[in-house]
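Spelled out from the first residue to the last, the chains are:
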Amino acid sequence: MRRTGSALGVVFAVFALLATAPAWAASDDLDFYQTADRTEVGTEDTFRLTVVVVDAPPNARVMLPESEDFAILSRSHSSQRAISLSGGPAVIQDVTRHVLVMQATRAGRLKIPPSQITVRGKTYRTQPVEMTVRPGRVGGAPSSAQAGRGGGRQPDPFASIQSQMQQMEEAFGDMMEADRPTIPRGDSDLFLRASLDRDTVYVGEQVTLSLYIYSRVDLSSVDAVTMPKLEGFWTEEVESPTQLSGEQRVVDGIPYRAYLLRRRAIFPVKSGTLSITPAEADITTGFLFAGHRVHRVSNALKVKVKPLPPGGPQDMPNAHVGNWALSVDVSQTQVELGQPVTVKVILEGVGNVKNVTPPELKGPAALKIYDPTTTDKVSPRRHRVQGRRVMEYLVMPQRTGRFTLPALEFPYFDPRARRYEVARTDPVTLTVEAGAGGASSIASSSQGSSDAANEQKNVLMAGGLRPVRYQARFAAPAMPVWKRGFFVPLVLAPLGLLLGVALIGGVRGRLALRTEAGRGRQQAKAARKRLADAEKLQSGADVGAFYGEVEKALHGFLEARLGMPVVGLTREALAERLTVAGADAERRAKVLFVLEACDFGRYGGGGDPAERQKVMDAAAAAMEGWA
């Protein structure tokens with residue numbers, strides 16, 4: 001019986017709800033109003049206008065306000081049904097909300113026109129909303145500016161939910177939207193924005209420049225990107241994605257997909273207000289045959305660069321800004337005379353790694369220090385450039401003993417602590433011992449000549465003086481040489497030898513000319529064959545192999561025609577050789593074009609098939625018709 005009673009109660013409750021018709025069915029009265037989330041905005045701010053209609057008929061159409069003073073960036077609407085069971089019979093309300101994201105087009109005291117709705121031949125209008133618009137960005141917390149029809153309006157049952165959503169968006173705004181870009185009026189669905197992680201820095205301090213695409217449409221590809229001109233900055237690439245990967249961001253209440261195009265670390269090299277020109281990009285939207293190509297230009301930026309504060313070391317470079325540590329690595333501290341020692345001066349930290357100058361290694365005259373080789377290793381972390389610069393010295397001891405390499409110092413400015421610091425190393429002591437031969441020094445050429453000049457001369461040997469000769473021997477004069485039988489043949493032999501050498505040289509010269517001509521023809525033939533082999537690699541995946549084969553073929557042909565190696569020649573020297581050999585200007589231009597294209601192709605470019613064919617045609621034309 002209880003179950004039957006409960007079921008009957010539910011049925012009666014359903015009938016009671018159905019019996020309570022919405023307000024528009026029982027009365028012609030209608031609750032219709034519009035509100036703005038703030039009354040004071042800037043020309044660069046956006047705000048929300050909410051138009052609410054309660055218990056409107058299904059066929060009623062709402063005419064939203066339109067004005068040249070305000071641009072509508074986006075619009076959305078939603079419908080909810082609220083049921084109230086407190087204090088009497090159940091009350092059902094159908095609430096429709098239209099939300100417009102708007103932006104003022106000019107400054108001044110402006111007015112948003114009223115919205116309209118027509119129900120059964122009767123037109124309802126809301127009150128207009130007055131706005132105070134100031135130039136630039138005003139920001140601030142939204143305030144409720146409302147206007148309804150003449151009578152009191154019903155409370156919005158979903159206002160608390162909207163308020164909570166706005167509070168959540170404001171609380172997590174920094175996480176969802178780090179750059180806080182401004183939505184342009186004309187390109188609100190797809191725009192390009194550049195941003196900086198900071199706009200006030202010291203000279204030499206890093207600023208991170210990021211370029212994003214904000215889109216509400218599907219992207220197919222980014223065809224070309226032109227980065228801003230960065231005059232007055234030293235730049236380092238931090239991140240350059242090869243594929244489009246978007247992340248969800250909310251800009252002024254509008255959801256976007258943000259795609260990172262480039263991220264660079266820029267280091268100002270002079271003080272003042274430096275300008276960064278806009279970037280440009282060609283973007284294809286849609287897919288397949290529905291694709292559409294658009295061109296977008298980003299915003300310009302400015303950076304205020306402060307000079308380094310006073311009190312720093314004199315003539316300290318502007319690049320010595322950041323956080324640095326200095327160290328010295330010695331291969332060995334005890335060495336034999338004649339054996340080298342490797343000393344590495346290592347500077348590592350956060351800052352402009354490729355532009356800092358570590359201190360120079362110096363030592364006593366007994367240690368010969370050769371010029372260093374420099375290696376850099378940059379490893380950005382969290383968009384900050386950091387790494388190490390190593391200067392490797394070769395130290396050659398010149399004599400035995402104990403010698404000290406003095407301590408090194410590297411002064412720099414720490415922008416976070418806003419003070420000057422000095423990174424230091426400890427002195428290094430080298431012990432040089434005599435080698436296996438027992439020598440205690442290595443004499444240089446100047447020392448050797450000085451020692452030879454100071455050496456004592458006319459010193460008697462250990463054997464003492466030798467006795468003076470006192471015995472003489474006499475012999476009769478012999479026959480003169482010119483009267484002997486071998487004199488004439490001996491005199492004529494050089495002349496005959498000279499004539500023989502001249503005759504042999506002439507014969508060998510003729511043979512050499514023939515042999516050289518034949519060798520040149522063979523080399524030219526081999527070069528053309530190598531060019532044919534390069535043509536087989538033209539459509540392959542190994543671009544470097546193709547360009548390398550073309551370059552080798554052209555080098556071999558030029559060596560055959562010029563009769564000399566051409567691999568080590570500069571472009572200017574090669575052009576002079578070609579001019580001397582009688583090559584015309586067009587042939588010289590083709591040869592230089594092919595060599596330049598091969599250099600570019602072997603190191604990462606030249607992937608276009610049309611460009612490869614152009615190089616092949618130019619190489620073949622350079623080889624054919626040679627006079």
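Rules used throughout
Residues numbered from 1 in each chain as written. Predicted model: local features only at pLDDT ≥ 70, side-chain atom pairs only at ≥ 80, totals over all residues. Heavy atoms only, no water. Helix = DSSP H or I, 4+ residues; strand = E, 2+ residues; numbered from the N terminus. Buried < 20%, exposed > 50% of the residue type's maximum accessible area, 1.4 Å probe, protein only. Contact = heavy atoms within 4.5 Å. Areas by Shrake-Rupley, 256 points an atom, 1.4 Å probe, with all protein chains shown as cover. Pairing = 2+ DSSP bridges. Patch = residues over 30% accessible without salt bridge, like charges linked within 9 Å, V, L, I, M, F, W, Y side chains within 5 Å. Salt bridge = Lys/Arg side-chain N within 4 Å of Asp/Glu carboxyl O. Phe/Tyr/Trp six-rings, centres within 6.5 Å; stacked < 30°, edge-to-face > 60°. Axes fitted to C-alpha atoms, helices over the stretch in contact; angles between N-to-C directions. Arc of directions from axis to C-beta. Expected span 1.5 Å × (residues − 1).

S.K.: Teacher, can you tell me more about the overall build of the protein here?
M.R.: Helix and strand counts for the protein stand at 10 helices and 32 strands. Classification of the 627 residues of the protein by burial places 36% in the buried group. Within the protein, residue pairs in contact and separated by at least 24 positions form 71% of the contacts whose partners lie at least 6 positions apart. For the protein, the accessible surface area stands at approximately 38,200 Å², while carbon and sulfur atoms represent 53% of it.

S.K.: Would you mind showing me how to read the sheet that holds strand S9 (residues 122–125) here?
M.R.: By way of backbone hydrogen bonds, the strands of a sheet pair with one another, either parallel or antiparallel. Spatially, 3 strands are ordered S4-S8-S9 in an open sheet, and the strand pairing comes out antiparallel. One side of each edge strand has no neighbouring strand; the edge strands of this open sheet are strand S4 (62–63) and S9. One ladder, built from 4 bridges, connects strand S8 (residues 116–119) with S9; its direction is antiparallel. By the bridge assignment, Ile117 is partnered in S9 with Tyr124.

S.K.: Is there a simple way to think about a nonpolar patch on the surface in this case?
M.R.: A surface patch of nonpolar side chains, amounting to about 460 Å² of accessible area, comprises Val481, Trp482, Phe486 and Leu490. Following the sequence through the fold, Leu490 ends up in helix H6 (residues 487–536).

S.K.: How should the packing of aromatic side chains be read in this particular structure?
M.R.: Remark: the centre distance and the inter-plane angle together describe each pair of aromatic rings, the angle taken between the planes. Within the structure shown, the criterion is met by 9 aromatic pairs. Ring geometry for Tyr212 versus Tyr214: centroids 6.2 Å apart, planes at 45 degrees, classification tilted. Each member of the pair Tyr212 and Tyr214 is classed as buried. Look at Trp324 and Phe410: their rings are 6.3 Å apart centre to centre, the planes differ by 75 degrees, and that puts the pair in the edge-to-face class. Pair noted here: Trp324 is in strand S23 (residues 322–330) and Phe410 is in strand S30 (residues 409–414), with a separation of 86 residues, a long-range link. Grouping residues by exposure puts Trp324 and Phe410 together as buried. An aromatic cluster of at least three residues, connected via ring pairs, comprises Phe191, Tyr212, Tyr214 and Tyr256.

S.K.: Any chance you could explain the sheet that holds strand S29 (residues 401–405) here in plain terms?
M.R.: One open sheet holds the 3 strands; their spatial order is S24-S32-S29, and the pairing between them is mixed. On the outer flanks of this sheet lie strand S24 (334–336) and S29, each paired with one strand and no other. When the angles between neighbouring strand axes are averaged without regard to direction, this sheet yields 30 degrees. Where S29 and strand S32 (residues 428–433) come together, 5 bridges link them in antiparallel fashion. Paired with Gly401 across the bridge in S32 is Val432.

S.K.: Can you walk me through unusual backbone geometry in this structure?
M.R.: Trans is the common state for peptide bonds, and a negative phi is the common state for residues other than glycine. If you check the backbone angles, His383 has positive phi at about 70 degrees while not being a glycine. The backbone of Arg418 sits at a positive phi, close to 60 degrees, despite the residue not being glycine. By secondary structure assignment, the location of Arg418 is in the loop between S30 and strand S31 (419–424). With a relative accessible area of 58%, Arg418 lands in the exposed category.

S.K.: Would you take a moment to explain helix H8 (residues 571–580) for this structure?
M.R.: Residue pairs spaced three or four apart in an α-helix point in one direction, given the helix's 3.6 residues per turn. The set of residues buried in H8 consists of Leu574, Ala575 and Leu578. Along the axis of H8, the buried residues cluster in a sector spanning 100 degrees; they form a single face. Facing away from the buried surface of H8 by more than 90 degrees, the exposed residues are Glu572, Glu576 and Val580. Buried residues belonging to H8 abut helix H7 (543–562) and helix H9 (585–602).

S.K.: Can you walk me through the side chain of Arg193 in this structure?
M.R.: Turning to its location among the elements, Arg193 is positioned in strand S12 (residues 190–196). Take Arg193: its relative accessible area is 15%, and that puts it in the buried class. Excluding residues that lie within four positions of it along the chain, Arg193 makes contacts with Pro181, Thr182, Pro184, Ser210, Leu211, Tyr212, Tyr214, Val297, Ser298 and Asn299.

S.K.: Would you take a moment to explain helix H10 (residues 609–623) for this structure?
M.R.: Over its 15 residues, H10 runs 22 Å from end to end, which matches the ideal 21 Å to within 8%, given 1.5 Å per residue. Where H10 is concerned, the buried positions are Arg612, Val615, Met616, Ala618, Ala619, Ala622 and Met623. Buried residues of H10, viewed axially, fall in a sector of 165 degrees; they line one side. Every exposed residue of H10 that faces more than 90 degrees away from the buried side is listed here: Pro609 and Ala610.

S.K.: Can you walk me through the pairing of strand S28 (residues 386–397) in this structure?
M.R.: When a strand is regular, its side chains alternate between the sheet's two faces. In terms of strand pairing, strand S25 (residues 341–351) meets S28 through 10 bridges, oriented antiparallel. Paired with Val350 across the bridge in S28 is Gln386. Sheet analysis places strand S26 (residues 367–369) next to S28, joined by 3 bridges and oriented antiparallel. Paired with Leu367 across the strands is Pro397, a residue of S28. Bridging between strand S27 (residues 373–378) and S28 involves 6 bridges; their strand directions are antiparallel. By the bridge assignment for S28, Val378 is matched with Gly387.

S.K.: Looking at this model, I keep getting lost on the pattern of salt bridges. Mind explaining?
M.R.: Opposite charge on two side chains lets them pair, provided their charged atoms get close. For the structure shown, the criterion picks out 19 salt bridges. In this structure, the salt-bridge partner of Glu247 is Arg249, at a minimum N-O distance of 2.8 Å. A relative accessible area of 7% places Arg249 in the buried class. A salt bridge links Asp376 to Arg389, with the nearest nitrogen and oxygen atoms 2.7 Å apart. Here the residue Asp376 occupies a position in strand S27, and Arg389 occupies one in strand S28, the gap between them amounting to 13 residues. Several salt bridges converge on common partners, so that one network encompasses Asp197, Arg198, Glu205 and Arg384.

Limitation: the analysis is restricted to geometry and does not speak to function.
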